[in-house]
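# Chain and residue survey
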Amino acid sequence: MDTGLAPRLGWWQQTWRLLSAAAVGVAFWLSTGVLMRGQGAETGSWFLTGDPLVALGCLTALLWRRRFPLAVAMTVVIASTASTLATGAALLALGSISTRRRPVEIGVVGLAFVTASQFSGRFYPIPIQSPPGLLWFQLAFPALIAGIAVAAGMAVGARRVEVRSLRDRAESAEREQAARAAQARALERNRIAREMHDVLAHRISLVAMQAGVLDHRGDLTAEENRVLVRGIADGSHQALEELRDVLGVLRADPGHPEPPQPSLDRIPALVDDARASGLDVTFTGTVTGTPPDVVGRTCYRIVQEGLTNAAKHAPGAHVRITLAGTAGGELDVGVRNSPATTRDARPPASGFGLLGLSERVDLAGGKLDHHPTPDNGYVLTARLPWPNPTDEKRP
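Described in the following lines is the structure provided in the data block. Fair warning: this is a prediction, and the values are worked out from it, not measured in the lab.

## Focus: the overall build of the chain
Broken down by element type, the chain carries 11 helices and five strands. Put simply, the chain has 395 residues, and 35% of those count as buried. By sequence separation, contacts in the chain at least 24 residues apart represent 73% of the contacts at least 6 residues apart. Carbon and sulfur atoms make up 62% of the accessible area of the chain, which totals about 22800 Å².

## Some remarks on the pattern of salt bridges
For the coordinates displayed, the defined rule picks out seven salt bridges. In this structure, the salt-bridge partner of arginine 102 is glutamate 105, at a minimum N-O distance of 3.4 Å. As a salt-bridge pair, glutamate 162 and arginine 159 come within 3.5 Å of each other at their nearest N and O atoms. Here glutamate 162 and its partner arginine 159 are both found in helix H6 (residues 134-216), three residues apart, which amounts to about one turn of the helix. A relative accessible area of 41% places glutamate 162 in the partly exposed class. Bridged by salt links that share partners, the residues Arg100, Arg102 and Glu105 form one connected network.

## Regarding the nonpolar core
Residues Val303 and Leu307 are the most contacted members of the largest nonpolar core, which totals 30 residues. Sorting the residues of this core by element identifies H6, helix H8 (267-276), helix H9 (293-313), strand E2 (318-326), strand E3 (329-337), helix H10 (353-363) and strand E5 (378-386) as the ones contributing at least two each. Residue contributions to this core peak at eight residues, all from H9. Grouped together as the second largest cluster of nonpolar side chains are 29 residues, Leu18, Cys58, Ala90 and Ile145 included.

## Looking at the packing of H9 against H10
Between H9 and H10, the shortest axis-to-axis distance is 10 Å and the interhelical angle comes to 165 degrees. Of the possible angle classes, the one that applies to H9 and H10 is roughly antiparallel. Once H9 is placed against H10, the crossing between them reads as left-handed. Between H9 and H10, the residues in contact are Thr298, Arg301, Ile302, Glu305 and Asn309 and Gly353, Leu354, Leu357, Arg360 and Val361, respectively. Each residue belonging to the contact of H9 with H10 can be placed in one class, and the counts come to four nonpolar, three polar and three charged.

## Some details on the environment of glycine 25
One can find glycine 25 in helix H1 (residues 11-38). Taking the C-alpha atoms as reference points, glycine 25 and glycine 88, 63 residues apart in sequence, are found 4.3 Å from one another. Ignoring any residue separated from it by four or fewer positions in sequence, one finds glycine 25 in contact with Thr84, Leu85 and Gly88.

## Digging into the sheet that holds strand E1 (residues 280-288)
Spatial ordering of the open sheet is given by E1-E2-E3-E5-E4, a layout of five strands whose pairing is mixed. Single-partner strands in this sheet number two, and they are E1 and strand E4 (367-372). Sheet twist, expressed as the average angle between the axes of neighbouring strands with direction ignored, equals 5 degrees. Relative to E5, E4 runs antiparallel, the two being bridged by six bridges. Its bridge partner lying in E5, leucine 368 is registered against alanine 382. Sheet strands touched by H8: E1 and E2. Its angle to E1, the strand with the most contacts, is close to 175 degrees. Taken strand by strand, H9 contacts E1, E2, E3 and E5, and its axis lies near 10 degrees from that of E3.

## Details of unusual backbone geometry
Its identity as a non-glycine residue notwithstanding, arginine 101 has a phi of 55 degrees, on the positive side. Within the secondary structure layout, arginine 101 lies in the loop between helix H4 (87-98) and helix H5 (103-123). What makes arginine 101 partly exposed here is its relative accessible area of 22%. Its identity is not glycine, yet asparagine 376 carries a phi of approximately 70 degrees, on the positive side. Among the secondary structure elements, asparagine 376 is positioned in the loop between E4 and E5. With relative accessibility at 66%, the residue asparagine 376 sits in the exposed group.

Parameters at a glance
Residues numbered from 1 in each chain as written. Predicted model: local features only at pLDDT ≥ 70, side-chain atom pairs only at ≥ 80, totals over all residues. Heavy atoms only, no water. Helix = DSSP H or I, 4+ residues; strand = E, 2+ residues; numbered from the N terminus. Buried < 20%, exposed > 50% of the residue type's maximum accessible area, 1.4 Å probe, protein only. Contact = heavy atoms within 4.5 Å. Areas by Shrake-Rupley, 256 points an atom, 1.4 Å probe, with all protein chains shown as cover. Salt bridge = Lys/Arg side-chain N within 4 Å of Asp/Glu carboxyl O. Core = buried A, V, L, I, M, F, W, Y, C linked by side-chain atoms within 4.5 Å. Axes fitted to C-alpha atoms, helices over the stretch in contact; angles between N-to-C directions. Parallel < 35°, antiparallel > 145°, perpendicular 65-115°, else oblique. Left-handed = near helix turned anticlockwise from the far one by under 90°. Nonpolar A, V, L, I, M, F, W, Y, C, P; charged D, E, K, R; others polar. Pairing = 2+ DSSP bridges.

Dropping the structure here:
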């Protein structure tokens, strides 16, 4: 049942409806005049002036039928008692209120229309002999006309509700699509930010650490200086290469293959690289088997972030990395560093490394923990689920 207000009509929609109602009224008015002339009855001044004036007032009142539907419909139907020319306006009012599909309102206005038609017949008496049973015809004919108007109005109302429902669905679908697109853009921005941080922060931190040593250590030999300068050059070159790989993925076509992602087997190379840059790193691994790609990649990023933070915030500290786990259990990752031993200038912190790492661990279904130690060091640990491959293959 439609309980809302009908949409506003444009001037052309309003005009053709009123002209149609006027045309129907003119047909009834001319038919009445012809019958009166044929039976020798005088039309009189009311038929020629009063009747059209009442019809004009009814048509004018129909302009407000959507703001005051019941009041306008009852007024027009009752006024049509004194005006045959207003019959079309009464039918339009009945059809208009039927679009609201409210049975009580439709019943009241329809009954008023049928009743008004009976008084209208007596308002213009036509001297014809009434055969037996004519009363039911006098009631059935206006009731049939009213039923047609009601049926048309309810069909229009049902169509209006359907169109409104389809419009609401379309708008809702557009809003949902816009929300999904915004969410996808946000997720993609976060993914790019994580990749940029993971790829560059580690490399730039090692370069900054080597540059700091070169700047603050005046007792280095020429060979040590050359090693540090070579490490800075190599680290900068590798950072550019890694940045180029990331940008290449962003600009590549969908069919372009992505560069291989780091995994658990590349952690020893990561540790060797950190040692070559001057970090004091101890690595202990007791991992049995090869974990899934997501778990291995997340483990690599955890170790990478731990080494990056140690190089940035604890220069000269000893870093201890531990890996342990097996299929069907969990993969435990730990990166612990002792307090800083030097006071070199520290590079600016981004503040997003641990946040991005936490998102990665959550996506992998693991748990991340990081906190300072009592000796002013820092520990970063994670527990990642490692499902058994045989269990994954079972139906």
